[in-house]
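A closer look at the structure
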Amino acid sequence: MNAPDPRPKARRARGLQDRRGPGLAVERGLIEAIAKVYEDWGFEPLETPAFEYADALGKFLPDQDRPNEGVFAFEDDDDQWLALRYDLTAPLARFVAENFDTLPKPYRRWAAGPVWRNEKPGPGRYREFWQCDADTVGSASPAADAEMIAMACAALEAAGARKGDYTVRISTRRLLDGLLENLGVGQADPRRLTVLRAIDKLDRLSSKGVQALLGVGRKDESGDFTQGAGLDDAAINRVMGFLSTGGDRAGTIQKLGEFVSGPIAEAGLRELGVIDSALSALKVGAEAWVDPAVVRGLEYYTGAVFEAELIGALDAEGDSIRFGSVGGGGRYDDLIARFRGERIPATGFSIGVSRLAAALQAQQAAQADGPVVVLVMDQARIGEALAMANELRAGGVRAEAYLGGGAMKAQLKYADKRAAPVAIIQGGDELAKGVVTLKDLKLGARIAQNLGEDREAYAKSREQVQREVPRAGLVAAVREVLAKT
Ligand code: AMP
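Residues numbered from 1 in each chain as written. Predicted model: local features only at pLDDT ≥ 70, side-chain atom pairs only at ≥ 80, totals over all residues. Heavy atoms only, no water.

1. Some words on the site of the ligand
As a structural note, the neighbourhood of the ligand is formed by 16 residues, with R117, Y126, R296, S325 and G327 the closest of them. The backbone of G124 places a nitrogen or oxygen atom 3.4 Å from a nitrogen atom of the ligand. Relative to its free-state accessible area of 480 Å², the ligand is covered by the protein chains to the extent of 93%. Secondary-structure elements contributing two or more residues to the shell around the ligand are β6 (128-137), β12 (320-331) and β13 (346-352). Here the shell around the ligand takes four residues from β12, the largest share from any one element. Residue composition of the shell around the ligand, by class: four nonpolar, seven polar and five charged. (Near = heavy atom within 4 Å. Polar contact = N/O pair within 3.5 Å; in protein donor to acceptor, adjacent residues only side chain to side chain. Areas by Shrake-Rupley, 256 points an atom, 1.4 Å probe, with all protein chains shown as cover. Helix = DSSP H or I, 4+ residues; strand = E, 2+ residues; numbered from the N terminus. Nonpolar A, V, L, I, M, F, W, Y, C, P; charged D, E, K, R; others polar.)

Here it is in structure tokens:
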């Protein structure tokens, strides 16, 4: 029998990361940039311990299937349970309740640090990760929520995301509460959680999947069946109509009134109206929009909820590539009341630093330009295409001639797949005239995205996207286009 190996195996536990060198420097840089924004907006720093009494943190995580309901907890030698913090908000609530009398009100604080969640690890989902938060405690005004949203935009931009590279989706729990009440699904109704979970899955499942979960249930690809909420067709249609309303803030708020009624929903719509005006005053535009499908997992939210994500270049279907939620927040008016009895309204926003660093990197990679592609219109003249690619390279431009066997359409598709900023075309007509056609593929993609189905306007935009330049001026013309993008 072999003796047991006396040496432990060096292995990192699941869902945890070693962070070092340049990757770590990037995360630290992000925290510094975000913290600077929080400080500029008048938030003061606060550090609280990594663990707290478990009852002080409470049980608000959505993942209830794990040991200790998602938190890492241990029993102290005085028989009291301690738990590692799963976010920076629950410790803030404890801190405010304990120091309420001496704090300025509203109290504005920012914090950064690691948090621990006993979740099932997966891509971008760790059991230890850093968050960087800002919270305003002691203000019931939706203007405080708007400030969080505006500051989230400023923080993402300070972290390196450009306008148009991110969105912040906004809703309020009151809208969902109002909708559920309209459907006859009250606070204590067991179907409530099933409906909310179905809505929360709109991102991952098609609307057909969500419809199934609102109705009898859904069988997934593996054959597993998830019991549905059992709503009737009229109720399902109402939920789906509600969920598909979204976009420009003021217009959406007005339109949502068609799907919900009653005092709770109306209070929610008024709340969103004030947030909208405050955001406009803060010069926040279409990057923050109303999307009633935002649910947010944490159970302590009572009012406005918001979620930030990065969006990237277009995928093969012409949809924006999404990189997952990089931050989220909302209003939690009852969290401090757990300690004090009296309600202390509060709102905050949390940026997932590790997720943001990974998403920014993936976004930059997705947006990085490929080489200029010189198409080959006539195989007999392939040498001319090779020569053009060579000239471009000599002029400092990354370039290649197309060496596959495809026709023009396939060649342009290849150029798209390679993220080529420009395609060069020289057919017989161009050859006779001594010119080449230069196609600005990035401008073409942007125009296609904005025009949608408007074919006529699209045809007109062809002149901007495609132009002839003298063959001798090829390199200079390409460099001019590249400099603009
Ligand atoms: P939450 O505290 O759940 O509202 O999450 C706020 C942000 O933290 C999210 O938008 C993510 O960026 C990040 N986050 C949440 N859970 C994880 C996780 N398990 N691993 C990495 N980042 C996370």
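2. Some points on the sheet that holds strand β18 (residues 466-470)
In spatial order, the strands read β15-β14-β16-β17-β18; together these five strands make up an open sheet with mixed pairing. In this open sheet, the two edge strands, each paired with only one partner strand, are β15 (399-401) and β18. Here the strands of the sheet are splayed against their neighbours by 25° on average, with no regard to which way each runs. In the sheet, strand β14 (residues 372-374) pairs with β15 via three bridges, with the strands oriented parallel. (Pairing = 2+ DSSP bridges. Axes fitted to C-alpha atoms, helices over the stretch in contact; angles between N-to-C directions.)

3. A word on the packing of helix α5 (residues 173-182) against helix α8 (residues 233-243)
Between α5 and α8, whose axes approach to 11 Å, the crossing angle comes to 160°. For the element pair α5 / α8, the angle class is roughly antiparallel. You can see that α5 and α8 cross each other, and the crossing is right-handed. In contact with L175, L176, L179 and N182 of α5, α8 contributes R238, V239 and F242. Among the residues making up the contact of α5 with α8, the classes are represented as five nonpolar, one polar and one charged. (Parallel < 35°, antiparallel > 145°, perpendicular 65-115°, else oblique. Left-handed = near helix turned anticlockwise from the far one by under 90°. Contact = heavy atoms within 4.5 Å.)

4. Brief notes about a negative patch on the surface
Judged by side-chain charge, E75, D77, D78 and D79 come together as a negatively charged surface patch. Note that D77 resides in the loop between β3 (73-75) and β4 (81-84). Since its relative accessible area comes to 75%, D77 is described here as exposed. (Patch = residues over 30% accessible without salt bridge, like charges linked within 9 Å, V, L, I, M, F, W, Y side chains within 5 Å. Salt bridge = Lys/Arg side-chain N within 4 Å of Asp/Glu carboxyl O. Lys, Arg positive; Asp, Glu negative; His and termini not counted. Charge placed at Lys NZ, Arg CZ, Asp CG, Glu CD. Buried < 20%, exposed > 50% of the residue type's maximum accessible area, 1.4 Å probe, protein only.)

5. Quick word on the nonpolar core
Membership of the largest hydrophobic core comes to 74 residues, with the highest contact counts inside it found for Y38, L214, L231, F242, L279, L310 and L356. Counting residues in hydrophobic clusters, the runner-up holds 27 residues, among them A83, F95, V294 and Y300. (Core = buried A, V, L, I, M, F, W, Y, C linked by side-chain atoms within 4.5 Å.)

6. Looking at the sheet that holds strand β2 (residues 51-53)
In space, the three strands of this open sheet follow the order β2-β4-β3, with antiparallel pairing throughout. Across the chains shown, the open sheet's two edge strands, defined by having one partner strand only, are β2 and β3. Ignoring strand direction, the axes of neighbouring strands in this sheet form an average angle of 30°. In terms of strand pairing, β2 meets β4 through three bridges, oriented antiparallel. Within β4, the position partnered with F51 by the bridge is L84.

7. Quick notes on the environment of A93
When you line up the elements, A93 lands in helix α3 (residues 89-99). The class of A93 is buried, set by a relative accessible area of 2%.

8. A short note on the pattern of salt bridges
One pass over the structure, following the stated rule, counts 32 salt bridges. Across the salt bridge formed by R94 and E52, the nearest N and O atoms sit 2.7 Å from each other. A residue pair is termed long-range when its members are at least 10 positions apart, and R94 in helix α3 and E52 in strand β2 qualify at 42 residues. A single burial state applies to R94 and to E52, both of which are buried. R418 is the partner of E400 in a salt bridge, and the nearest nitrogen-oxygen pair spans 2.8 Å. On the criterion of sequence distance, the pair formed by E400 in strand β15 and R418 in the loop between α14 (408-417) and β16 (422-425) is long-range, its members being 18 residues apart.

9. Considering the domain arrangement of the protein
The domains assigned to the protein are domain 1 (21-50 + 85-183 + 231-366) and domain 2 (370-484). Placing the centre of domain 1 and that of domain 2 at their C-alpha centroids yields a distance of 42 Å. (Domains from an automatic or database assignment.)

10. Describing unusual backbone geometry
A cis amide bond links K105 with the next residue in sequence, P106, at an omega value of -5°. You can see P106 is positioned in the loop between α3 and β5 (107-116). Notably, D79 is not glycine yet its phi reads approximately 70°, a positive angle. Residue D79 is classed as exposed on the basis of its relative accessible area, which comes to 58%. Even without a glycine there, the phi angle at K283 is positive, about 65°. When you line up the elements, K283 lands in the loop between α10 (263-281) and β10 (288-290). Judged by relative accessible area, K283 falls into the exposed class, the value being 71%.

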